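One-letter residues, chain by chain:
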Amino acid sequence: MSPEQKKYLKTIKKKKVLILFLQVFLLVFLLGLWQIAADLDLINTFIFSSPSRVMKTIISLYQDGSLFHHLWVTFYETVFSFLLGTFLGIFIATILWWFRLLAKVLEPYFTVLNSLPKVALGPIILIWFGASIHSIIFMAMLISVVVAILNIYQGFQSVDSEKIKLMRSFHAKKWQICMYLIFPSNRENIMATLKLNISMCLIGV
Amino acid sequence: MNEILKINHLTKTYHTLEKETVAVEDFSMDLKEGEFIAIVGPSGCGKSTILSILSGLEEKTSGDIFFKDQQIGYMLQSDALFDWLTILENCLLGLKIRGEITEEKKNYVISLLKKYGLGEFLDSYPSHLSGGMRQRVALIRTLSTKPDILLMDEPFSALDYQSRLAISEDVYKILKEEKKSLIMVTHDIAEAISICSKVIVLSSRPCKVKKVFSIHLTDGSTPILNRKTIEFPIYYDQIWKEIDYES
Ligand SMILES: Nc1ncnc2c1ncn2[C@@H]1O[C@H](COP(=O)(O)OP(=O)(O)OP(=O)(O)O)[C@@H](O)[C@H]1O
Ligand SMILES: [Mg+2]
């Protein structure tokens, strides 16, 4: 390794440490600001609470052992529903890609479904499934599945037509085009959808 | 030399909702073993369509195409490299699709990559390569399945002038050494004359063969030397006059 390369790597490392430090600093700063604002009655602590109160609640929840239970339930619901939703979404998007006619038929329905505020469906789902973990999971899943289908199908469709031509010039079968081209060229899109759905699901839950 | 490909009275009509487009009308040509033929013609006249039909991507409307059980390799206009695959993996794509990756074929591809200056880049990704290198990778990917006939659609049009000269030198060398036959579409008359021994000039759409030029250059050893021959500008003028450029 040349000295310049070493120097370059060192600066990169330094930058990373600096960024991490500033991120932590910002967090502490914001929490401090929040606490001070609460102490000075600048904000309504009934609505906004304060860091010390949050801490107290966490400690008391921890002491009666229910913190981990709550955390666990939230975690489990979220992960389960977003995974299920996203994978179902990928699966359906693949089917739509495979059967163009079906995609054409269903297109307007998906658009309408997506433009609905999904949270508004909450009460209906609660009535159907009752206020249980099932309805929460179903709600989260519904949101993520629609988002996933639309995002991913759109990504599937915008794959470079020259690359499809290339695959066909090697006489690739449809499943090969799907596995070797469509999926891998959408890997970033799929990751982005997963991330989006995590945050969406936290809202749903 | 014997003919390995014969095209007789090929026609192709595209149908869309608005209209039908006759892209190719009564196109005939022969290709002999080891021969390099260029197809030039005005933009949109149907050159790509001819290659797409030969490679099986499009159906012909009528006419006959005879192959002597030749393998066809189609090099598209863009390199269409997959950015998530390494250079080697990109070059093995055709073999993978056919389910034919063997140690021997893999070694053949690696030897091509090494021979043509890409030996260091087997495990690199396409984004680290220059335009000319990417084009060479695309060529080796096309060669991986050992085609007898190469079809190239404006293979170098995305490159700057210097790279074009350099890469046509390379491609010429590679194809001659690997004993391939070539049909290349180009809009660059100089490129056509310097690489090919026959230039087919097409009329504007629907394309028909307007005139065929046999190119004989004294000292025809490489494309760059070919450009320096005394016959070169004469052919250039003659071909230029035949092409219907729209004003
Ligand atoms: N899939 C298609 N459907 C309908 N019309 C098409 C299709 N592909 C090509 N055409 C039409 O056929 C004609 C010939 O197209 P082609 O791509 O073969 O021309 P070209 O000579 O390669 O042009 P260029 O020099 O611009 O690459 C054009 O008028 C084009 O609009
Ligand atoms: Mg074209």
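Residues numbered from 1 in each chain as written. Chains lettered and ligands numbered in written order. Predicted model: local features only at pLDDT ≥ 70, side-chain atom pairs only at ≥ 80, totals over all residues. Heavy atoms only, no water.

## Focus on the site of ligand 1
Residues and elements named next belong to chain B.
At step 1: Around ligand 1, the neighbouring residues are Tyr14, Thr16, Ala23, Ser43, Gly44, Cys45, Gly46, Lys47, Ser48, Thr49 and Arg205.
At step 2: Within the backbone of glycine 46, a nitrogen or oxygen atom sits 2.9 Å from an oxygen atom of ligand 1.
At step 3: When ligand 1 sits alone it has 630 Å² of accessible area, and the protein chains cover 64% of it.
At step 4: A per-element tally of the shell around ligand 1 places helix H1 (residues 47-54) first, with three residues. (Near = heavy atom within 4 Å. Polar contact = N/O pair within 3.5 Å; in protein donor to acceptor, adjacent residues only side chain to side chain. Areas by Shrake-Rupley, 256 points an atom, 1.4 Å probe, with all protein chains shown as cover. Helix = DSSP H or I, 4+ residues; strand = E, 2+ residues; numbered from the N terminus.)

## Details of the domain arrangement of chain A
Residues and elements named next belong to chain A.
At step 1: Taken as a whole, chain A is organised into domain 1 (1-64) and domain 2 (66-205).
At step 2: Using only C-alpha atoms to locate each centre, domain 1 and domain 2 end up separated by 33 Å.
At step 3: Contacts between the two partners involve four residues from domain 1 and, on the opposite side, four residues from domain 2.
At step 4: In total, about 360 Å² of surface goes out of reach between domain 1 and domain 2, with carbon and sulfur atoms giving 69% of it.
At step 5: The three residues of domain 1 that bury the most area against domain 2 are Leu61, Tyr62 and Asp64, which together make up 86% of that side's buried surface.
At step 6: In this structure, the connection of domain 1 to domain 2 is made through zero salt bridges.
At step 7: At the junction of domain 1 with domain 2, the criterion picks out zero residue pairs in polar contact (both at pLDDT 80 or more).
At step 8: Residues belonging to the side of domain 1 that touches domain 2 are distributed by class as follows: three nonpolar, no polar and one charged. (Domains from an automatic or database assignment. Contact = heavy atoms within 4.5 Å. Buried area = accessible area lost by both parts, 1.4 Å probe. Salt bridge = Lys/Arg side-chain N within 4 Å of Asp/Glu carboxyl O. Nonpolar A, V, L, I, M, F, W, Y, C, P; charged D, E, K, R; others polar.)

## Considering the nonpolar core
At step 1: Grouped together as the largest cluster of nonpolar side chains are 55 residues, with contacts concentrated most on A:Met167, B:Phe27, B:Met29, B:Phe82, B:Leu151, B:Ile183 and B:Leu202.
At step 2: Discounting residues that sit within four places of it in the chain, B:Leu202 has contacts with B:Phe27, B:Ile39, B:Val40, B:Gly41, B:Pro42, B:Cys45, B:Lys47, B:Ile50, B:Cys207, B:Lys208, B:Val209 and B:Lys210.
At step 3: Membership of the second largest hydrophobic core comes to 51 residues, among which are B:Leu92, B:Leu112, B:Val171 and B:Phe232. (Core = buried A, V, L, I, M, F, W, Y, C linked by side-chain atoms within 4.5 Å. Buried < 20%, exposed > 50% of the residue type's maximum accessible area, 1.4 Å probe, protein only.)

## Some remarks on the interface of chain A and chain B
At step 1: On the side of chain B, 17 residues touch chain A, which itself brings 16 residues to the contact.
At step 2: Summing both partners gives a buried area of about 1700 Å² for chain A against chain B, and 69% of it is carried by carbon and sulfur.
At step 3: Per-residue buried area on chain A facing chain B is highest for A:Leu166, A:Phe170 and A:Tyr180; these three make up 38% of the total on that side.
At step 4: Where chain A meets chain B, there are one salt bridge.
At step 5: One salt bridge in this structure joins A:Arg187 and B:Asp83, with 3.7 Å as the shortest N-O distance.
At step 6: Taken together, chain A and chain B are joined by three residue pairs in polar contact (both at pLDDT 80 or more).
At step 7: Secondary structure elements with two or more residues in the side of chain A that touches chain B: helix H8 (161-169) and helix H9 (174-185) of chain A.
At step 8: Here the side of chain A that touches chain B gets seven residues from one element, more than from any other, and that element is H8(A).
At step 9: When its residues are assigned to classes, the side of chain A that touches chain B shows seven nonpolar, four polar and five charged.

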